[in-house]
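Per-entry structural report
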Amino acid sequence: MTENASAAEPLAADSAIAVVGMSGRFPGAPDLDAYWANLLGGLCSVTDFTEEELIADGADPQEVRGRDHIPAKGHLVDADRFDAELFGFNRTEAAALDPQHRLLLQTAWSALEDAGRSPLGGTARTGVYVGGGPTEHMLAAQTDPRLAASIGALQVRILTDREFLAPWISYRLGLEGPSLTVQTACSTSLTAVHLAVQSLLLGECDTALAGGVAVDTVRKRGYIHQQGGIYSPDGRCRPFDERAGGTVPGNGVGVVVLRRLSDALADNDPIRAVIRGSAVTNDGATKVGFTAPGVDQQTAAIVEAWAAAGLDPADAQYLEAHGTATALGDRIEAAAATAAFKGALGTGRIGIGSVKSNIGHLDAAAGVAALIKSVLMLEHATLVPNADAGRPHPELGFDDSPFHLVERATAWPEPELGPRRSGVSSVGIGGSNVHVVLEEAPRRGDAGEPDAQGAPEVLLLSARTREDLAAMAGRLAGALRAPGAPSLADTAYTLCLGRAPMAVRGYVRAGDRAGAADLLAELASGGAAGLGGPDPLGEAWLAGEPVMREGGGRRVALPSYPFAGESHGAYRLGQVAPGGEQPEQGGGSADLEQGGGSTDLEQGVRALLADALGLTDTDDPEMTYFAAGGDSLTAVHLVGCLRDDFDLDVPITLFLEQLTLHEMARRIVAAGEGDDSLDALLTEFEAE
């Protein structure tokens, strides 16, 4: 219960859900700090492309030069980059893996770290509820026969289809709760949040990841404006504004980490906001057309969500609307919200806005982008404006409504009764309406401490590469120097408990934040792995031993892993491989054609293994199949290729042994008759 909550409105910890972690990448914002800065400044992060940029990135020149082409989009920079090795994908798999899968995996990892929880090997039952949109990469990859011949048609589908977005996260992060890929068009990610909330309340999981991703293409693209269509004629989205003319497409990804509030309080989690209630409805047939929105069920979604929270919609001070800036959409949404918030009718005291003015319409990720915006506003007690906000459209009737359009960044006043509260709405084509009730986090003791010398703390860091370790140390140094930085003890506790241990390690030992920040900056500049004096815990850490820090602490939000993966490209229709290069059979065999005396057949088998595992002549030929990124599905594909291309019947159990690739090739050639169960196994996979 917050300090200013009334006795009539208790915060029921057993029925509320805490937002304990968040991560996202949005147009103009590689992280949430940049996202907040852009929102606070009222910036529009939609990119205007030049004709040369679009054509250089593969756009059709005739289309780009057309009268109705609008060269603008909420573009996501570096959407094709992926730290594949960290997630256990070889180069062939990483190139085939849809960019939405890549981004969502990294964002889920970062969100867990933001919650102070290790992304790997967590003990709590963790559910995954996410969704995405259709992509150019998926369509192109699934229609490329050469890719299917290289890694198998089933593998292509699993690596590219959006139905596997949630299972890949559960598999790669070792999460054993429910794993659902959600699809309700534009309201997908907020529906995912609602389902995650229900799962937590039902006890199906103890922690949940929820969110969505939308990357229809990683390339620079504009769009075609059609008179009377949903898209803006000038590349700007102005929800509820008198200049509103339609929406603008955009790309992005966001994930929140949710826990029951009672558990989050007991475990000292970094609570960023609280979800008090949520609801989902569908318009059914009560609208003029399939793609049109409906007033009644949008109103019902809002009313039901606030009823689930045990509150009145009039208790809100802000509404983050869906806000497409279309004439029909804005009018219906304003009417539905006015009916739902009728307790505040005529007051104009509830602020209203939509993040689409800043970043465009993120399709399946639109709802989570709006939710994260609202959480940040509650954290900072600040209302941020629509980008380039003007006067409300007169047809919306805001003069006699509960709402006023937020036009500039202003302090969010503390209510006379109860905490700050907001509603978040999302509407999907097809009629799925979602509303979530948010409340500011309960106030607890200050997580920080005076920056004074105290008992030394050891900050343990690890990364996959030395470059990543340096980047991580630099980020942490900046975080400890920032206003409101967490205590050194809580920082040490979170780093020890809430990070996955990796091969490249370092530590610093200091008695205050300033000293720790200086040592971390030195580590970032290439200093020794252990700084601030020798420490038994730190030295055990450097030696690769499992360590356990003595004493408790509070999980706090710290900078997440500095992903710096290479570009893996993306397929597009008419181009059968990322980067415009044709995949060639046997193209990765150079590293396996070592060691004289091997037969032509054995060299052919080595070439097949190299192709399937994406190996080049820079790889160690003595690595094992699993170390090279092989798995059971790849093994099934290889067994089929060996049978079809080389007339070799090989038992699939051979791929489960810890063999070097050289030894595996020799054993395959010598396998002889093969496994009687092979045909049945292959038939089962092909049937799926």
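The text that follows walks through the structure, step by step, so that each part is easy to find.

Reading the values: rules and limits
Residues numbered from 1 in each chain as written. Predicted model: local features only at pLDDT ≥ 70, side-chain atom pairs only at ≥ 80, totals over all residues. Heavy atoms only, no water. Helix = DSSP H or I, 4+ residues; strand = E, 2+ residues; numbered from the N terminus. Areas by Shrake-Rupley, 256 points an atom, 1.4 Å probe, with all protein chains shown as cover. Axes fitted to C-alpha atoms, helices over the stretch in contact; angles between N-to-C directions. Parallel < 35°, antiparallel > 145°, perpendicular 65-115°, else oblique. Left-handed = near helix turned anticlockwise from the far one by under 90°. Contact = heavy atoms within 4.5 Å. Nonpolar A, V, L, I, M, F, W, Y, C, P; charged D, E, K, R; others polar. Pairing = 2+ DSSP bridges. Buried < 20%, exposed > 50% of the residue type's maximum accessible area, 1.4 Å probe, protein only. Phe/Tyr/Trp six-rings, centres within 6.5 Å; stacked < 30°, edge-to-face > 60°. Core = buried A, V, L, I, M, F, W, Y, C linked by side-chain atoms within 4.5 Å.

Looking now at the overall build of the chain. Across its full length, the chain carries 23 helices and 22 strands. Element-wise, carbon and sulfur atoms account for 51% of the exposed surface of the chain, whose accessible area totals about 26900 Å².

Between helix α20 (residues 600–613) and helix α22 (residues 661–669), the least distance of the axes is 9 Å, while the angle of their chain directions is 125°. The pairing of α20 with α22 is recorded here as oblique in orientation. For α20 against α22, the interelement crossing comes out right-handed. The residues of α22 that touch α20, namely those facing Leu601, Glu602, Val605, Arg606, Leu609 and Leu613, are Leu661, His662, Met664, Ala665, Arg666, Ile668 and Val669. A per-class count over the contact of α20 with α22 returns nine nonpolar, one polar and three charged.

So, about the sheet that holds strand β20 (residues 504–510). The sheet built from three strands is open, its strands ordered β19-β20-β21 with mixed pairing. The open sheet has two free edges, formed respectively by β19 (457–463) and β21 (530–531), since each of these has just one partner strand. Note: β20 against β21, two bridges, orientation parallel. Bridging across to β21, tyrosine 507 finds its partner in glycine 530. With respect to the sheet, helix α17 (residues 488–497) is in contact with β19 and β20, its orientation differing from that of β19 by roughly 35°. Where helix α18 (residues 513–524) meets the sheet, its contacts fall on β19, β20 and β21, and the angle it forms with β20 comes to roughly 150°.

One open sheet holds the 11 strands; their spatial order is β7-β6-β8-β10-β1-β11-β18-β17-β12-β13-β15, and the pairing between them is mixed. A single partner strand is all that each edge strand has here, and the edge strands are β7 (179–181) and β15 (403–405). Averaged over neighbouring strand pairs, the angle between their axes works out to 25° when direction is ignored. Here strand β17 (residues 421–427) pairs with strand β18 (residues 432–440) via seven bridges, running antiparallel. Looking across to β18, one finds that serine 426 is bridged to valine 434.

What follows deals with the environment of leucine 165. By secondary structure assignment, the location of leucine 165 is in helix α9 (residues 165–173). Given the relative accessible area of 2%, leucine 165 is considered buried. Residue contacts for leucine 165: discarding those within four places in its chain leaves Gln100, His101, Leu104, Val130, Gly131, Gly132, Thr181 and Val213.

Turning our attention to the packing of aromatic side chains. Using the criterion set out here, one finds 16 aromatic pairs in the structure. For the pair phenylalanine 82 and phenylalanine 87, a centre-to-centre distance of 5.6 Å together with 20° between the ring planes defines the contact as stacked. Phenylalanine 87 shares its class with phenylalanine 82; the two are buried. Taken together, a centroid distance of 6.0 Å and an interplanar angle of 45° make the contact between phenylalanine 240 and phenylalanine 398 tilted. With phenylalanine 240 in the loop between β9 (223–224) and β10 (252–260) and phenylalanine 398 in the loop between β14 (382–383) and β15, this pair connects stretches of sequence that are 158 residues apart. For the pair formed by phenylalanine 240 and phenylalanine 398, the shared burial category is buried. Taken together through their ring pairs, the aromatic side chains of Phe82, Phe87, Phe89, Trp109, Trp168, Tyr171, Tyr561 and Phe563 make up a single cluster.

If you look at the biggest cluster of nonpolar residues, it comprises 77 residues, and the most contacted ones within it are Phe89, Ile169, Leu209, Leu459 and Leu520. Counting residues per element, this core draws most heavily on helix α5 (residues 99–114), which supplies seven residues. Excluding residues that lie within four positions of it along the chain, leucine 459 makes contacts with Leu476, Leu480, Leu488, Thr491, Ala492, Leu495, Gly506, Tyr507, Val508, Ala516 and Leu520. Val19, Ala29, Ala369 and Ala370 belong to the second-largest nonpolar core, a separate cluster that totals 48 residues.

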